[in-house]
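Examination of the molecular architecture
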Amino acid sequence: MQEIVSIIVFLVVIIAIMTEKVHRSAAALAGAVVLLLTRVLDFDAAVGYIDFNTIGVLIGMMLFVAVVKNSGLFEYIAIKAAKLAKGDPWKIMAAFIVITAFLSGFLDNVTTVLLVGPMTITIARMLKINPVPFLITQIFASNIGGTATLIGDPPNIMIGSAAGLTFIDFVANTGVVAIASIIVLLVIMRFLYGTKMKADAEAIESVAHLDESKAIADHGLLVKSVVMVVIVVFAFIFHSQIGVDTATIALTCAAVMMVIGRQNIDDVISEVEWSTILFFTMLFVVVGGMVETGVIGELANVVLNVASGHQIIMMMILLWASALFSSVLDNIPFVATLIPLVTALGESGVDIEPLWWAISLGACFGGNGTLIGASANVVLSGISNKHGYPITFATYTKVGFPVMIMTVVLSTIFLLLKFGM
């Protein structure tokens with residue numbers, strides 16, 4: 001009975017989000033409350049399913065960015081980028097795809113979009129064009145770039161730890177597919193958006209004559225911001241070596257900036273996307289209901305048992321199942337469920353290296369499938385909505401799902417060439 005309740009609650013929440021009849025935060029909160037009232041989860045168990053590391057990173061980086069942006073740093077970079085691209089919307093989009101993908105390989109994807117998103121909106125407003133296509137392509141780039149390295153996405157960190165895989169192992173496997181995916185993405189976006197986005201000559205001319213140095217609102221804060229941004233980057237890159245969680249790094253840097261930045265703290269706190277934080281927190285609980293009742297474990301078992309003894313088939317099933325499930329499920333509990341099952345297969349004599357790469361590629365690329373597929377999707381769409389440029393579930397999925405399929409097809413080709421021959 002509890003399994004059925006957890007499935008129904010999850011489906012109702014997802015349908016509510018997809019149809020946009022109910023605000024996603026309200027839908028997720030209602031779902032979590034139903035699980036508590038029906039005793040599928042008790043309060044302690046519900047709290048246990050919340051990924052506080054993710055929540056900590058979200059809050060920390062939102063606070064950090066809220067202080068840093070008051071220096072004028074984002075406006076400076078936006079103007080500089082627009083001038084270097086001579087105001088050409090397509091060149092700006094292509095540059096930001098590459099920049100976002102690169103940064104996401106070393107930084108948390110949410111951190112990347114929090115830094116890049118505001119710059120994009122600033123540029124679009126200068127050129128009097130809609131920033132939504134830019135933001136959607138940056139979501140794609142952040143999830144693809146995060147797939148490339150050991151530290152780029154939480155599933156990779158989990159898999160690397162369980163399988164003993166190194167940073168170089170990921171670059172040589174998932175990194176190859178990620179680079180190919182970015183190249184194909186650029187080609188697709190060129191045909192999809194490149195010829196449609198036009199800025200009028202007057203807007204381009206006004207951008208060309210802007211003085212980026214005048215965008216700096218607070219030179220002292222700018223210096224502090226640049227120093228702290230560098231520290232944040234290196235701290236995230238080497239967080240495993242220094243033994244500090246990403247949430248601790250994000251919250252520490254936020255605290256330092258709030259103290260030394262000397263900004264109005266009430267204004268800074270108001271910049272946090274609290275509705276997004278609530279949505280994530282409650283969604284973890286909703287997914288936790290299915291983990292608690294064994295639904296996700298049963299699904300994973302079905303995937304593994306169907307192709308038991310046939311490595312290539314198993315690899316393909318894991319790749320595509322991980323992608324499809326991760327487009328609507330949080331990939332962290334899904335991957336956490338698969339890891340012990342794959343480890344058990346290894347103990348029975350199966351070569352499981354291909355399976356690790358299948359799960360990594362599927363879970364990470366699957367995040368591009370829908371608007372709730374990954375943290376970066378929700379955060380950047382929240383920023384876009386707050387600035388008056390709504391990204392709906394349908395609008396995003398219409399482009400995002402085909403992009404996800406494209407990247408998984410490339411992953412299929414790579415895995416078959418490397419392990420199927």
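Let me sum up the structure you'll find in this document. What you are looking at is a predicted structure, and each value in this text was computed from that prediction instead of being measured.

1. Describing the packing of aromatic side chains
- A full pass over the atoms with the stated rule returns four aromatic pairs.
- Judged by centre distance (6.3 Å) and plane angle (35°), the ring pair of Phe 280 and Phe 284 falls under tilted. Taken together, the positions of Phe 280 and Phe 284, both in helix 16 (residues 274-292) and four residues apart, correspond to about one turn of that helix. Grouping residues by exposure puts Phe 280 and Phe 284 together as buried.
- Put simply, the rings of Phe 279, Phe 280 and Phe 284 pair up and form one aromatic cluster.
- We note Arg 24 situated over the ring of Phe 279; from NZ or CZ to the ring centre the distance is 5.6 Å.

2. Looking at the packing of helix 18 (residues 311-326) against helix 22 (residues 393-419)
- One can describe the packing of helix 18 onto helix 22 by two numbers: an axis separation of 11 Å at closest approach and a directional angle of 160°. The orientation of helix 18 relative to helix 22 falls into the category roughly antiparallel. Note on packing geometry: the crossing formed by helix 18 with helix 22 is right-handed. The residues of helix 22 that touch helix 18, namely those facing Ile 312, Met 315, Met 316, Leu 319, Trp 320, Ala 323 and Leu 324, are Phe 401, Met 404, Ile 405, Val 408, Val 409, Ser 411, Thr 412, Leu 415, Leu 416 and Phe 419.
- Residues belonging to the contact of helix 18 with helix 22 are distributed by class as follows: 15 nonpolar, two polar and no charged.

3. Looking at the environment of Gly 382
- The residue Gly 382 is located in helix 21 (residues 375-386) in this model.
- For Gly 382 and Ala 172, which are 210 residues apart along the polypeptide, the C-alpha to C-alpha distance reads 34 Å.
- Excluding residues within four positions of it along the chain, Gly 382 makes contact with Arg 24 and Glu 273.

4. Overview of helix 4 (residues 52-68)
- With 17 residues, helix 4 extends 24 Å from end C-alpha to end C-alpha; this agrees with the ideal 24 Å at 1.5 Å per step.
- The buried fraction of helix 4 is high, at 15 of 17 residues.

5. Comments concerning helix 8 (residues 132-147)
- The end-to-end C-alpha separation of helix 8 is 23 Å, in line with the 22 Å expected for 16 residues at 1.5 Å each.
- In terms of burial, helix 8 is a largely internal element, 16 of the 16 residues being buried.

Reading the values: rules and limits
Residues numbered from 1 in each chain as written. Predicted model: local features only at pLDDT ≥ 70, side-chain atom pairs only at ≥ 80, totals over all residues. Heavy atoms only, no water. Phe/Tyr/Trp six-rings, centres within 6.5 Å; stacked < 30°, edge-to-face > 60°. Helix = DSSP H or I, 4+ residues; strand = E, 2+ residues; numbered from the N terminus. Buried < 20%, exposed > 50% of the residue type's maximum accessible area, 1.4 Å probe, protein only. Lys NZ or Arg CZ within 6 Å of the ring centre and 35° of its normal. Axes fitted to C-alpha atoms, helices over the stretch in contact; angles between N-to-C directions. Parallel < 35°, antiparallel > 145°, perpendicular 65-115°, else oblique. Left-handed = near helix turned anticlockwise from the far one by under 90°. Contact = heavy atoms within 4.5 Å. Nonpolar A, V, L, I, M, F, W, Y, C, P; charged D, E, K, R; others polar. Expected span 1.5 Å × (residues − 1).

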